[in-house]
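# Coordinates in review
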Amino acid sequence: MTRVVRLAGASFGLALICLLLSVCGLRAAQPSAPPQPKRPGPLLSLDRVFGGEFAGESLSLWHWRDDGAGTFSFEAPPESEGKDAPDRDLVFTEAESGRKETVVPAAWLRPLGCPRSLQAQDFSFSSDRSWLLVFTNGKRVWRQESQGDFWVLNLKTRALNKLGGDAEPGTLRFAKFAPDSGRVAFVHENDLYSQSLDDLRITRLTESGSPTLLNGVFDWVYEEELDLRDGFSWSPDGQRILYWETDASRVREFTLTRNTDGLYPSTTTFAYPKAGEENSAVRLGVVDVDSASTQWLAIPGDPRNHYLARASWSSNGIDVLAQQFNRAQNTNRVWLADSRTGEARSLFVERDAAWVDNENAARPFDQGRQILWLSDRDGWRRLYAVSTSTGASRLLSNAAFDVLSVAGVDEIQGWVYIIASPDNPAQRYLYRVPLSGEGAPERVTPKASGSGQHGYQIAPGGRWAVHTFSALDQPPVTDLVQLPEHRSVRWLRENKKLRENWAALRKPRFEFLKMDLGSRGALDAWAMKPPGFDPTRRYPVLFYVYGEPHGQTVQDAWGGRSHLWHCMLAQQGYVVVSVDNRGVMSPRGRDFRKAAHRQIGIQTVADQAAAARALLKRWPFLDPKRVGVWGWSGGGSMSLNAIFQYPEVYSMAMAVAPVADQRYYDTIYQERYMGLPSENPEGYRLGSPITHATKLRGDLLVAHGTGDDNVHYQGTEALINELIANRKAFTMMAYPDRTHSISEGRNTTRHLFDLLTRYLDDHLKQKRR
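Conventions used here
Residues numbered from 1 in each chain as written. Predicted model: local features only at pLDDT ≥ 70, side-chain atom pairs only at ≥ 80, totals over all residues. Heavy atoms only, no water. Helix = DSSP H or I, 4+ residues; strand = E, 2+ residues; numbered from the N terminus. Rg over C-alpha atoms; globule rule 2.2 N^0.38 Å. Buried < 20%, exposed > 50% of the residue type's maximum accessible area, 1.4 Å probe, protein only. Areas by Shrake-Rupley, 256 points an atom, 1.4 Å probe, with all protein chains shown as cover. Phe/Tyr/Trp six-rings, centres within 6.5 Å; stacked < 30°, edge-to-face > 60°. Lys NZ or Arg CZ within 6 Å of the ring centre and 35° of its normal. Pairing = 2+ DSSP bridges. Axes fitted to C-alpha atoms, helices over the stretch in contact; angles between N-to-C directions. Salt bridge = Lys/Arg side-chain N within 4 Å of Asp/Glu carboxyl O. Expected span 1.5 Å × (residues − 1). Contact = heavy atoms within 4.5 Å. 1 Å grid on protein atoms, 1.4 Å probe; cavity = no way out; pocket = protein on both sides within 12 Å on 5 of 7 lines; lining within 4 Å. Points joined across faces, edges and corners; volume = space filled by probe spheres on them. pLDDT = per-residue confidence, 0-100.

With that settled, the discussion passes to the overall build of the protein. Along its length, the protein carries 12 helices and 43 strands. Radius of gyration (C-alpha) of the protein: 26 Å, near the 27 Å computed for a compact globule of 769 residues. If one aligns the C-alpha atoms of the protein with their principal axes, the spans along those axes are about 75 × 65 × 60 Å. Counting across all 769 residues of the protein, residues that qualify as buried make up 60%. For the protein, the exposed area adds up to about 30000 Å²; of that, 48% sits on carbon and sulfur atoms.

Right, dumping it as structure tokens:
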């Protein structure tokens, strides 16, 4: 499953809530607060939550210029104000002054005979900035619109041409310029091609592409769980291309049936390796763009029982740095391979008794002589510098806290910027550490900028950053800051309307809690209490849960529409709570994060139940007869396990798109955390909700999309059979042909949350046991 704050698998459910039900953002030094109403503002309703009233503004499509001096973005010209979907100019904005210059007028991007300019979904410049590449007409491939049309604009002659020759519209993927600005490479129907920019001549670089043999792109499980989509890159000299080849011919296929497309159903069949089943065989090759001959890299190991999770060119343009995980994903071996001969040597190895995280991009610095590397080998996730010649590592972040990510590098001044939060795992701040390794980490985010989550998109060179801030009770704002002083230069998005509407509400009371559970340790939680809270009353309590290793719900950040829905419930008299059990992706050290190893659905749900008991004891105003739980994807699985395994605690559960049987989920995610089914059969049995369905005593709602390619509806059908066989009453809502997000089609998301709200009112708010 994929990263949360980034989306996917059982973790994808949490990421989907953040992405599909959210206006995501993170906070900067706050602009002046809007005037506060004299009286409490109006209450929330579903119409308000899912209307446009609380939609936030975010930066439109933009990129830093390669020298870091400013940004390129598509912007509507002033004269188009008030028009629907106007054509947009490509504009350069200088960071220092804010001065804007139109680089490409919209008229230059209007194909011959077309009334409108291209509606760009992404863009890039050639290295000499003489060509512009524009992606448009995007079509969804699983999670993202990564297939479409690519156009190139000659900025000197203004000639605009579509790439791909006579290829069908909307069938090209991941086009990118060669470093020498002479060619573009792309994938079409699972083969690699290069196209000359001068004469548009196309050269086919691979011949083996088929529905099961993929060149330069990936199968479903690599995309979902390793976040790999674009599977090729140019060599620094522009003469060769490194690419992945994926052979899925022996992977068992799963079929999705769409019953509502027409009079008769249609089907989609794709390779999907379930836990314990055979994977695709994946290898790395380097193709010469003139001869179209490929040199395969001789990285040892069974290609179906190892994962090539990352690969990149070294700065010398000859060697390839490749990361190879074993099937258990507790060993990551980094190889250095010669692209001319294919010969590979082991550079260094990262091991862990549980699993090794697969998100190390191995960022190069020092002219490629070193890479940045994250490892929790000593109990904290620290930053290291690793030599690309010897594999020797040296510690850079010499402090006892987790580094969440690398935000940027300033090699001239000798600093690397990192995201961390040493004192509060719900928050995020910018720090910097010396590339020399000498000296302690320094906090860059000023305390005056506010407590919550700060996110940064740092320019090349590290002088400027787009900075976004939010908190649980504060919508996002975005400004441009100068580093390392963190001087705010100008506001980019103040979200004034959103902030005014938020300020006018009668808001819940927000609290962050530390819950001491004895031998289980202390768990983090947040709670929303109703406005006008009365401690002498008894309130129903709803727990919002995710609880699996690739997500974290207890975050001091704006949560968009899902957050507003929880606020609406609090206004209606619910206490809403979320708890991070051991094993979630929280910056609390290696042992906390990896406590879920082989324990998903076992220790994880036991932590949640223990927290619920502790809170009921701590807060006597919570009604122990009205305790509910809800979640999506992995959170849906946790909700099922909670009400099945702890019926004395939970009286109601709502499970959206749950994994009912862990054996039904994919190899990479499920085996990473639970091992292979053949090695851990009891863990799979005890962690799967379907095992405990016979214990259901309370009220249960299950909702699932029948077209879910990620967490298959098949698992929910198996659960339904088990509940029927044991004469258990429950409520079921199937959303025809909807995917894991249950968002496709008119009013689908609104319908789902109507359903959830009514079910809460009927089975938790009003009901007494």
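Applying the stated criterion across every chain yields a total of 32 aromatic pairs. One aromatic cluster is present, formed by Phe50, Tyr544, Trp565, Trp630 and Phe753 through successive ring pairs. It is Arg443 that lies over the ring of Tyr429; its NZ or CZ is 4.0 Å from the centre.

On to the sheet that holds strand β39 (residues 575-580). The mixed open sheet is built from 8 strands, whose spatial order is β36-β37-β39-β38-β40-β41-β42-β43. The open sheet has two edge strands, β36 (509-516) and β43 (731-735), and neither has a second partner. If you compare each strand with its neighbour and ignore which way they point, the axes differ by 20° on average. Taken together, the 5 bridges between strand β40 (residues 622-632) and strand β41 (residues 652-656) define a ladder with parallel strand orientation.

Following the criterion strictly, the structure yields 52 salt bridges and no others. The shortest N-O distance in the salt bridge between Glu245 and Arg283 comes to 2.7 Å. Highlighted residues: Glu245 in strand β15 (residues 240-247) and Arg283 in strand β18 (residues 281-288), separated in sequence by 38 residues. Among the ionic contacts, a cluster of salt bridges with common partners joins Asp352, Asp376, Asp402, Arg590, Asp591, Arg593 and Lys594.

Here we take up helix α7 (residues 603-618). For α7, with 16 residues, the first-to-last C-alpha span of 22 Å sits near the 22 Å given by 1.5 Å per residue. Within α7, 12 of the 16 residues are buried, leaving the element largely enclosed by the surrounding structure. Burial in α7 covers these residues: Gln603, Thr604, Val605, Ala606, Asp607, Gln608, Ala609, Ala610, Ala611, Ala612, Leu615 and Leu616. The secondary structure elements touched by the buried residues of α7 are β36, β37 (522-529), β38 (539-544), β39, β40 and α8 (634-645).

The step from Leu483 to Pro484 runs through a cis peptide bond, and the omega angle for that step is 5°. On the secondary structure map, Pro484 appears in the loop between β34 (474-482) and β35 (487-493). In this structure, Phe174 takes a positive phi of about 60° despite not being glycine. When you line up the elements, Phe174 lands in strand β9 (residues 172-177). Overall, the relative accessible area of 14% leaves Phe174 in the buried class.

Moving on, we get to the sheet that holds strand β1 (residues 62-64). Spatially, β1-β2-β3-β4 is the arrangement adopted by the 4 strands of the open sheet, whose pairing is antiparallel. Two strands close off the open sheet at either side, each with one partner strand: β1 and β4 (100-104). Between one strand axis and the next, the sheet turns by 25° as a mean value, whatever way the strands run. Sheet analysis places strand β2 (residues 70-75) next to strand β3 (residues 89-94), joined by 6 bridges and oriented antiparallel. Residue Ser73 lies in a different strand from β3, and its bridge partner there is Val91.

Another aspect to go through is empty space enclosed by the protein. Roughly 100 Å³ of volume is contained in the largest cavity. Taken together, Glu350, Arg351, Asp352, Val356, Asp357, Asn360, Trp373, Leu374, Ser375, Asp376, Arg381 and Lys594 make up the full set of residues lining the largest cavity. At the level of elements, β23 (344-351) and β25 (370-375) are the ones that each hand at least two residues to the lining of the largest cavity. If you tally residues by element for the lining of the largest cavity, the top one is β25, at 3 residues.

Time to look at the confidence of the model for the protein. Per-residue confidence for the protein gives a mean pLDDT of 93, with 94% of residues at or over 70. Of the regions scoring below 50 in pLDDT, residues 2-31 engages in 142 contacts with residues more than four places distant in sequence or in other chains.

The next point concerns the pairing of strand β21 (residues 319-326). Counting buried residues in β21 gives 7 out of 8 residues, a clear majority hidden from the surface. Connecting the antiparallel pair strand β20 (residues 306-313) and β21 is a turn made up of 5 residues, with Gly317 showing a positive phi of about 75°. Here 7 bridges tie β21 to strand β22 (residues 331-338), and the two strands are oriented antiparallel to one another. Following the sheet pairing, Gln324 is matched in β22 by Arg333.

Position of Val579 relative to the elements: it lies in strand β39. Take Val579: its relative accessible area is 1%, and that puts it in the buried class. Spatially, the C-alpha atoms of Val579 and Pro475 are 22 Å apart, while their sequence positions differ by 104 residues. Setting aside anything within four residues of it in sequence, one finds Val579 in contact with Met515, Leu523, Asp524, Ala525, Phe543, Tyr544, Thr553, Val554, Gln608 and Ala611.

Below, the discussion takes up α8. Look at α8: 16 Å from first C-alpha to last across 12 residues, which is about the 16 Å you get at 1.5 Å a residue. Counting buried positions over the 12 residues of α8 gives 12, a clear majority of the element. Within α8, burial applies to Gly634, Gly635, Gly636, Ser637, Met638, Ser639, Leu640, Asn641, Ala642, Ile643, Phe644 and Gln645.

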